[in-house]
Amino acid sequence: MSGKVVNDVEPAPLLRIDNLQVRYRSDDGPVTALAGASLTVARGEVVALVGESGSGKSTLAQSVIGLLGANAEIAGGTVAFDGEPVDYRSERALRRLRGARIGFVPQDPGLSLNPVRRVGDQVAEALVVHRKADRKAALRRAVELLAESGLDRPELRATQYPHELSGGQRQRVLIAAALACGPELIIADEPTSALDATVARRVLDQLATQIAARGTAVLLITHDLAVAAERADRLVVLSGGEIVEHGPTARILAEPQHPYTRRLLAASPSLTPPGAYQQPRERDTEPLLVLRQVHKRFHAQAGGAVTAVDGVGFELGRGETLSLVGESGSGKSTTARIALRLTEPDRGTVTFDGQDLSQAKRSRLRALRQRFQVVYQNPYSSLDPRFRVGAIIEEPLRAYGIGDRGARQARVRELLDQVALPEQFARRRPAELSGGQRQRVAIARALALHPDLLVLDEPVSALDASVQAQILELLDRLQTELRLSYLFISHDLAVVRRISDHVAVMRRGRIVESGRTEDIFETPRHEYTRELLSAIPTPAAAKGAS
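Residues numbered from 1 in each chain as written. Predicted model: local features only at pLDDT ≥ 70, side-chain atom pairs only at ≥ 80, totals over all residues. Heavy atoms only, no water.

S.K.: Hey, could you run me through the overall build of the protein in this one?
M.R.: When its secondary structure is counted, the protein shows 21 helices and 20 strands. At 24 Å, the protein has a C-alpha radius of gyration in line with the 24 Å of a compact globule built from 546 residues. Once the C-alpha set of the protein is aligned to its principal axes, its extents read approximately 70 × 50 × 45 Å. A buried classification covers 52% of the 546 residues belonging to the protein. Partitioning the contacts of the protein with sequence separation of at least 6, the portion at a separation of at least 24 is 70%. Carbon and sulfur atoms make up 47% of the accessible area of the protein, which amounts to about 24000 Å² in all. (Helix = DSSP H or I, 4+ residues; strand = E, 2+ residues; numbered from the N terminus. Rg over C-alpha atoms; globule rule 2.2 N^0.38 Å. Buried < 20%, exposed > 50% of the residue type's maximum accessible area, 1.4 Å probe, protein only. Contact = heavy atoms within 4.5 Å. Areas by Shrake-Rupley, 256 points an atom, 1.4 Å probe, with all protein chains shown as cover.)

Here's what the structure looks like:
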């Protein structure tokens, strides 16, 4: 992105935050989320706010447009937009800013889209509310915005409901809605965390077009330092609610001054050169999981059919990691669900440890399901917030009637130790844990029944770089100790390169290329694979780099 205004006299910033202090009320007393943060964003400038989970990034973004939760309060400092203080006392004034002058792209599309309204109506809403167009014209413009944000078949997508779209597709709907009124500032809170590299590039290119055409500014909140490096004019590094370092992107990448910044950069898989590729293990037995010519079509409520999986086949050996990569909607997650018989294929076979899953009856299938488990992308939504961690991890043991209460509690302690969490975490609830800690709990629960196979569906995409590195190291260790097989689904090719023995590249429901990780990354044969690899953000493309 570019488009920064350059004048002899430095223009007044579009957004100015001075000494912002935010606290949250809790049962244990006030918790400081921001401790005197200050920053500016000029017209046409991209400023990236980076830091670990809990550093205060989203709190700062929500403060700008009055979207803090009911238990939060601004304890000090000021926020000014276009030279005018933001009036938090007037909801009417805030609504005039939101959508019309400040576009907001939230992090979780599952929580931000209305499940009972078609997505086209939701994108058009801002245009109608702010009187930019009548309803008919707004719906036509919504289709154009969906196309500009990277959605295929935008006319069809506009008629669909959020649950009919993939996570990445839903994220693009939010981006289209934020761009609808041509705002002066876009606050993008992890806008590409659910997107594969090619779609993320298209989305960020679209934001760049807005900047060039209208002088739009962007406050980009991200844990993906490679995206920040490639796209931002300046980086602002947050740690513990304080800004520890800020400056031009190229300077911070080349000469980070603060130890925290250096640690973040060292942990980012996209900004560190790859080590030796993992050498595929020699199979000493028959493969654990085999798919042969699997097909699956879904029928949309609005009419028509979508082919999700079209003749997919692969083999996964014991102790191996096979990664499925490809754009959102390419069929990766559907393939994984078919492999676990959570979705029935239209035709084709799935064999697990020599047994045809499609022929397994209820009791036999239940027994087999002890041997394969799933770890999902968002641990917060997959962990029941009502239960304590110990009960969550113990749940599969209770469901299968394994052991008495004492034996199950001992197994919980063993599992917490395996995922490097202290024993006292058994008494906590998910809301009391960080994102990385919740994902460790999800992994511990998945291991409870001693499975042979883990399906890992985007297990680190919602985590910041340093926590990603910790979870990947944990998965490496567990695979070695327990000889687990991993079916790893990811849009993050830097993570895939780090963990995989083999890679299968999916596009429009088909595997277009597969092979050893080293071969896929170093000598890709298919044009689509080359396109995916070329879309990976690189430090060489950092703003201001020579």
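S.K.: Help me out: how do you make sense of the nonpolar core in this one?
M.R.: A general tendency of soluble globular proteins is for nonpolar side chains to be buried together. A48, V105, V123, L146 and V173 are the most contacted members of the largest nonpolar core, which totals 45 residues. Considering each element in turn, this core owes the most residues, six residues, to helix α7 (residues 167-179). Here L146 is in contact with V123, L151, P154, A158, V173 and A176, once residues within four sequence places are set aside. Counting 36 residues, the second-largest nonpolar core is a separate cluster that includes L421, A448, V460 and V467. (Core = buried A, V, L, I, M, F, W, Y, C linked by side-chain atoms within 4.5 Å.)

S.K.: I keep staring at the packing of aromatic side chains and nothing clicks. Help me out?
M.R.: By convention here, two paired aromatic rings are described through the distance between centres and the angle between planes. Counted by the stated rule, this structure contains one aromatic pair. Ring geometry for F352 and F372: centres 5.0 Å apart, planes at 80°, overall edge-to-face. With F352 in strand β14 (residues 347-352) and F372 in strand β16 (residues 372-375), this pair connects stretches of sequence that are 20 residues apart. Sitting above the plane of the Y400 ring, R366 keeps its charged end 4.2 Å from the centroid. (Phe/Tyr/Trp six-rings, centres within 6.5 Å; stacked < 30°, edge-to-face > 60°. Lys NZ or Arg CZ within 6 Å of the ring centre and 35° of its normal.)

S.K.: In this structure, what is going on with the packing of helix α15 (residues 389-399) against helix α16 (residues 405-418)? I would like to understand it.
M.R.: Any two packed helices are characterised by the angle at which their axes cross and by the distance between the axes. Where α15 contacts α16, the axes come no closer than 9 Å and their chain directions differ by 120°. Where α15 crosses over α16, the two elements pack in a sense that is right-handed. Note on element contacts: α16 touches α15 through R408, R411, V412, L415 and L416, opposite V389, G390, I393, E394, L397 and R398. Within the contact of α15 with α16, the residues separate by chemical class into six nonpolar, one polar and four charged. (Axes fitted to C-alpha atoms, helices over the stretch in contact; angles between N-to-C directions. Left-handed = near helix turned anticlockwise from the far one by under 90°. Nonpolar A, V, L, I, M, F, W, Y, C, P; charged D, E, K, R; others polar.)

S.K.: Would you explain the packing of helix α4 (residues 119-129) against helix α5 (residues 135-148) in this entry?
M.R.: Taken N-terminus to C-terminus, the directions of α4 and α5 make an angle of 120°; their axes are 8 Å apart at the nearest point. Judged by the inter-axis angle, α4 sits oblique to α5. With respect to the hand of their crossing, α4 and α5 are arranged in right-handed fashion. In this structure, α4 contributes G120, D121, V123, A124, L127 and V128 to the contact, and α5 contributes R135, A138, L139, R141, A142, L145 and L146. Considering only residue class, the contact of α4 with α5 consists of nine nonpolar, one polar and three charged. (Parallel < 35°, antiparallel > 145°, perpendicular 65-115°, else oblique.)

S.K.: I'm lost on the pairing of strand β2 (residues 31-41) in this one. Help?
M.R.: A regular strand carries its side chains on alternate faces of the sheet. Here strand β1 (residues 15-24) runs beside β2; their pairing, made up of eight bridges, is antiparallel. Counted as the bridge partner of R23 is T32 from β2. (Pairing = 2+ DSSP bridges.)

S.K.: Where do I start with the layout of surface pockets in this structure?
M.R.: The gaps left among the atoms become clear once a water-sized probe is rolled over them. Each pocket or cavity is described by its volume, and for the second largest pocket that value is around 660 Å³. Lining of the second largest pocket is provided by 21 residues; of these, G99, F104, E125, A126 and A177 occupy positions nearest its centre. The set of elements that each furnish at least two residues to the lining of the second largest pocket consists of β6 (102-105), α4 and α7. For the lining of the second largest pocket, the element with the highest residue contribution is α4, accounting for four residues. (1 Å grid on protein atoms, 1.4 Å probe; cavity = no way out; pocket = protein on both sides within 12 Å on 5 of 7 lines; lining within 4 Å. Points joined across faces, edges and corners; volume = space filled by probe spheres on them.)

S.K.: Mind showing me how you'd approach the environment of R263 here?
M.R.: In this fold, R263 is placed in helix α11 (residues 259-267). Setting aside anything within four residues of it in sequence, one finds R263 in contact with E52 and S466.

S.K.: Please clarify how the sheet that holds β1 should be interpreted in this entry.
M.R.: Working definition: the strands of a sheet are paired by backbone hydrogen bonds and lie parallel or antiparallel to each other. Read from one edge to the other, the open sheet built from four strands follows the order β2-β1-β4-β5, with strand pairing classed as antiparallel. Lying at the two open borders of the sheet, with one neighbouring strand each, are β2 and β5 (84-85). Sheet topology places strand β4 (residues 72-81) next to β5; two bridges connect them, and they run antiparallel. Along β5, the bridge assignment pairs A80 with P85.

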